[in-house]
Amino acid sequence: VGKGCGGLGLKGQQILVSNVVSVSGTIIVRILIGSVADAIGVRRSYSALIILMSVPGFLAAAVDSYEIFVVVRFFISLVGGSFVLTQLWTSIMFHSNCVGLANATTAGWGNLGGGVSLAVMAAVFDSFKSRGNTNEQSWRYTLAWPPTVLLVTGIFAWIFTDDCPYGNYSEMKLRSKESMADLDNEMLKQGGEPAKVASRSLWIAATNWKTWVLFFIYAWSFGVELVVNGNIALYFSDAFSLSQRDGGLAGSLFGLFNIFARSLGGYMSDEFNKRWGVRGRLWTLFITTLLMGMFMLVFSNVTKANGGIGGALGSLAVWALWLAMTEGAVFAVVPYVEPTAVGGVSGIVGAGGNCGALAGNFMLRIGRRPGFHLLGWLATLSAFTVPMLWMPGCGSMFRGVEGGNNMPGSGAAPAPEKPKEVEPAAAQQQAPSAAPAGFLPPPPPMFLPYASAYPPAPTQPMPGMQGLMMYPLQPSVGPAPGQPPMMVGAQPVYMGTV
């Protein structure tokens with residue numbers, strides 16, 4: 001940013017404004033992009049987003065004024081919506097017995113990429129400098145590399161990826177065009193156009209209070225991580241008299257935990273899920289969030305005279321471990337909040353991290369140590385919102401589906417009763433005699449959001465991964481808000497019509 005480096009010569013206030021603008025753009029796109037993906041598919045949304053956002057990336061290499069820089073940085077920040085699409089995509093593609101690990105690994109390695117890019121960009125800059133270019137020419141050439149990679153990745157995603165295990169939605173629709181004609185007409189009559197599906201997905205997610213509980217938890221986990229990444233080097237320099245170089249090296253320990261710790265949180269959630277179902281995922285989230293907040297408080301109380309640099313680094317490492325595990329545990333729970341609007345929920349929760357970062361940076365104005373202490377108390381408080389969560393068909397931390405007490409420490413959840421064999425004639429009599437008015441049952445496999453190739457696991461309603469019939473979002477068809485779709489044998493239960 002300094003003229004001496006061939007930059008724009010930005011001052012402190014200008015840098016602050018550009019940072020706020022950048023975070024604001026990411027918040028906006030994260031809230032909206034998940035619902036768009038619910039409507040048109042993840043593949044289209046993902047490819048379009050990163051291809052289009054490569055354009056402002058190229059423009060950044062040509063900026064010559066502060067005003068243009070702020071505008072370009074706003075549009076570059078929109079690529080942050082790719083995080084939400086990644087979480088939605090893995091939720092669709094992976095079975096419930098490993099979706100926590102899948103979500104956490106993709107997110108963790110995405111965060112790790114931010115740190116790797118700093119080292120790579122520095123190497124690219126030095127490479128251009130060694131070729132005889134000036135500082136200004138070198139940083140402009142360097143800035144052209146990330147959007148090039150982004151453009152190539154977007155094209156690759158468009159050509160070689162699928163929306164779901166069955167393939168791409170558009171191709172699935174073409175393959176079943178004749179059988180889907182009546183259903184398509186009914187969808188259009190009842191508001192099934194992509195734009196209305198997207199807005200309805202966002203509305204369903206936003207009006208579900210459980211979405212905002214996870215939003216609050218993610219704000220004080222991932223949001224705090226963003227705050228720490230931007231302040232930890234100066235904190236070590238000021239509080240422990242380290243050089244800025246050594247302070248940055250010590251602070252890098254925090255980001256390195258993304259290599260494995262976020263995946264560890266997802267894996268822990270998966271293992272608890274196998275033992276206690278979705279309630280195990282809630283217990284995982286509570287444990288990791290509580291320990292994250294506690295060790296953040298410990299870190300903020302370590303001083304040069306009380307614990308020294310060794311104590312600070314030790315508590316930082318343990319805090320970073322539980323923080324990254326909490327981030328993984330959050331998105332292991334997200335798919336269960338609202339099965340009919342997973343994209344909308346993912347978007348709002350993902351935006352919570354950036355909102356937390358925005359609020360956290362303002363809190364540090366009272367001082368870095370007291371600011372970290374305040375963030376620690378907020379993180380600890382967020383843990384006690386987890387017992388409030390109750391998932392339809394799954395239960396909560398302390399209460400089972402029918403009010404039982406099959407929680408961790410009290411033994412395994414009761415095994416599901418073996419279904420009684422029913423004669424074919426009796427089964428035909430038990431099946432619903434008629435579908436709700438205006439509903440045409442479609443033949444599987446078909447073009448449906450979150451269609452899946454996987455069989456359902458007992459007591460595990462899960463969007464997009466267990467063969468659940470996820471009907472398009474319509475006013476009179478599909479599960480009621482807050483209710484996961486269910487299957488009884490081969491006959492789908494009609495829900496949301498009363």
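What counts as what
- Residues numbered from 1 in each chain as written.
- Predicted model: local features only at pLDDT ≥ 70, side-chain atom pairs only at ≥ 80, totals over all residues.
- Heavy atoms only, no water.
- Helix = DSSP H or I, 4+ residues; strand = E, 2+ residues; numbered from the N terminus.
- Buried < 20%, exposed > 50% of the residue type's maximum accessible area, 1.4 Å probe, protein only.
- Contact = heavy atoms within 4.5 Å.
- Areas by Shrake-Rupley, 256 points an atom, 1.4 Å probe, with all protein chains shown as cover.
- pLDDT = per-residue confidence, 0-100.
- Polar contact = N/O pair within 3.5 Å; in protein donor to acceptor, adjacent residues only side chain to side chain.
- Axes fitted to C-alpha atoms, helices over the stretch in contact; angles between N-to-C directions.
- Parallel < 35°, antiparallel > 145°, perpendicular 65-115°, else oblique.
- Left-handed = near helix turned anticlockwise from the far one by under 90°.
- Nonpolar A, V, L, I, M, F, W, Y, C, P; charged D, E, K, R; others polar.
- Core = buried A, V, L, I, M, F, W, Y, C linked by side-chain atoms within 4.5 Å.
- Phe/Tyr/Trp six-rings, centres within 6.5 Å; stacked < 30°, edge-to-face > 60°.
- Lys NZ or Arg CZ within 6 Å of the ring centre and 35° of its normal.
- Salt bridge = Lys/Arg side-chain N within 4 Å of Asp/Glu carboxyl O.
- Expected span 1.5 Å × (residues − 1).

Trainee: Could you clarify how one ought to interpret the overall build of the protein in this entry?
Mentor: Assigned secondary structure in the protein consists of 20 helices and four strands. Counting every position in the protein, which comprises 498 residues, the buried fraction comes to 50%. For the protein, long-range pairs separated by at least 24 residues make up 76% of all intrachain contacts whose partners lie at least 6 apart in sequence. With the model as given, the accessible surface of the protein reaches about 22400 Å², and the carbon-plus-sulfur share is 67%.

Trainee: Before we go on, may I ask you to explain the confidence of the model for the protein in this structure?
Mentor: Low pLDDT marks regions whose predicted coordinates should not be analysed in detail. Residue-level pLDDT values for the protein average 75, and 72% of them are 70 or greater. Predicted confidence for residues 186-192 stays below pLDDT 50, and this span has 14 contacts to residues more than four positions away or in other chains. Note that pLDDT drops below 50 for residues 406-420; the model gives that stretch 22 contacts with residues more than four away or on any other chain.

Trainee: I tried to follow the side chain of Ser269 on my own but got confused; where do I start?
Mentor: Tracing the backbone through its elements, the reader meets Ser269 in helix H15 (residues 261-276). Here the side chain of Ser269 touches Arg281 through a polar contact of 2.9 Å, side chain to side chain. What Ser269 contacts, discounting residues up to four positions off in sequence, is Arg281, Thr284 and Ala332.

Trainee: How should I be thinking about the packing of helix H2 (residues 42-52) against helix H5 (residues 82-93) in this particular structure?
Mentor: In a pair of packed helices, the angle between the axes and the distance between the axes together describe the arrangement. Packing of H2 against H5 leaves a shortest axis separation of 10 Å and a crossing angle of 155 degrees. If you check the angle between H2 and H5, you find them roughly antiparallel. Crossing of H2 against H5: the hand is left-handed. Residue-level contacts link Val42, Arg43, Ser45, Tyr46, Leu49 and Ile50 of H2 to Ser82, Leu85, Thr86, Leu88, Trp89 and Ile92 of H5. Its residues placed into classes, the contact of H2 with H5 shows eight nonpolar, three polar and one charged.

Trainee: Please explain the nonpolar core as it appears in this structure.
Mentor: Of all hydrophobic cores here, the largest spans 49 residues; its most connected members are Val42, Leu214, Leu285, Val330, Val349 and Met391. Of all the secondary structure elements, the ones that give two or more residues to this core are helix H1 (12-40), H2, H5, helix H9 (169-175), helix H12 (209-219), helix H16 (278-301), helix H17 (308-337) and helix H18 (342-363). Tallying contributions element by element places H17 first for this core, with seven residues. Look past the residues within four positions of Val330 in its chain and what remains in contact with it is Leu214, Ile217, Tyr218, Leu285 and Val349. Counting 34 residues, the second largest nonpolar core, distinct from the first, contains Phe257, Leu316, Met363 and Leu378.

Trainee: I'm lost on H12 in this one. Help?
Mentor: In an α-helix, one full turn covers 3.6 residues, which means residues spaced three or four apart are oriented alike. Most of H12 is tucked away, with eight of its 11 residues classed as buried. Among the residues making up H12, those that are buried are Lys210, Thr211, Val213, Leu214, Phe215, Ile217, Tyr218 and Ala219. Capping the start of H12 is the job of one residue whose side-chain oxygen sits 3.0 Å from the backbone nitrogen of Lys210: Asn208.

Trainee: For this particular structure, what's the right way to read the environment of Trp209?
Mentor: Tracing the backbone shows Trp209 in helix H12. Take Trp209: its relative accessible area is 43%, and that puts it in the partly exposed class. Excluding its chain neighbours within four sequence positions, the residues that come into contact with Trp209 are Met388, Leu389 and Trp390.

Trainee: Is there a simple way to think about the packing of aromatic side chains in this case?
Mentor: Both the distance between ring centres and the angle between the ring planes are used here to describe each pair of aromatic rings. Considering all chains together, one arrives at 25 aromatic pairs under this definition. Relative to Phe286, the ring of Trp283 lies with its centre 6.2 Å away and its plane at 85 degrees, an arrangement referred to as edge-to-face. Here Phe286 and Trp283 lie together in helix H16, a separation of three residues that amounts to about one turn. Its relative accessible area of 15% is what places Trp283 among the buried residues. The buried category is assigned to Phe286, whose relative accessible area is 14%. Centre to centre, the rings of Phe299 and Trp319 are 5.3 Å apart; their planes meet at 35 degrees, and the pair counts as tilted. Separated by 20 residues along the polypeptide, Phe299 in helix H16 and Trp319 in helix H17 bring together distant segments of the chain. Residue class for Phe299 comes out buried when judged on its relative accessible area of 1%. The class of Trp319 is buried, set by a relative accessible area of 0%. The ring centre of Trp158 lies 4.2 Å from the NZ or CZ of Arg43, which sits over that ring.

Trainee: Help me understand the pattern of salt bridges in this model?
Mentor: When their charged atoms lie close together, side chains carrying opposite charge are able to pair. Tallying each qualifying case throughout the model produces five salt bridges. With a closest N to O distance of 3.0 Å, Arg262 and Glu327 form a salt bridge. Pair noted here: Arg262 is in helix H15 and Glu327 is in helix H17, with a separation of 65 residues, a long-range link. Here Arg262 matches Glu327 in class, with each residue buried. Residue Asp270 pairs with Arg281 through a salt bridge whose shortest N-O separation is 3.0 Å.

Trainee: For this particular structure, what's the right way to read the environment of Val23?
Mentor: Turning to its location among the elements, Val23 is positioned in helix H1. Along the chain, Val23 and Cys355 lie 332 residues apart, while their C-alpha atoms are 8.0 Å from each other. Each residue touching Val23, except ones within four places of it in the same chain, is listed here: Asn354 and Leu358.

Trainee: I'm lost on H17 in this one. Help?
Mentor: With 30 residues, H17 should cover 44 Å at 1.5 Å per step; its first-to-last C-alpha distance of 43 Å lies within 8% of that length. Of all 30 residues in H17, 22 are buried; the element is thus mostly enclosed.

Trainee: I tried to follow the side chain of Thr211 on my own but got confused; where do I start?
Mentor: Position of Thr211 relative to the elements: it lies in helix H12. A relative accessible area of 0% means that Thr211 is categorised as buried. In this structure the side chain of Thr211 is engaged in a polar contact, spanning 2.9 Å, whose partner is the backbone oxygen of Ala205. When residues no more than four places from it in sequence are discounted, the contact partners of Thr211 are Ala205, Val337, Val345, Ile348 and Val349.

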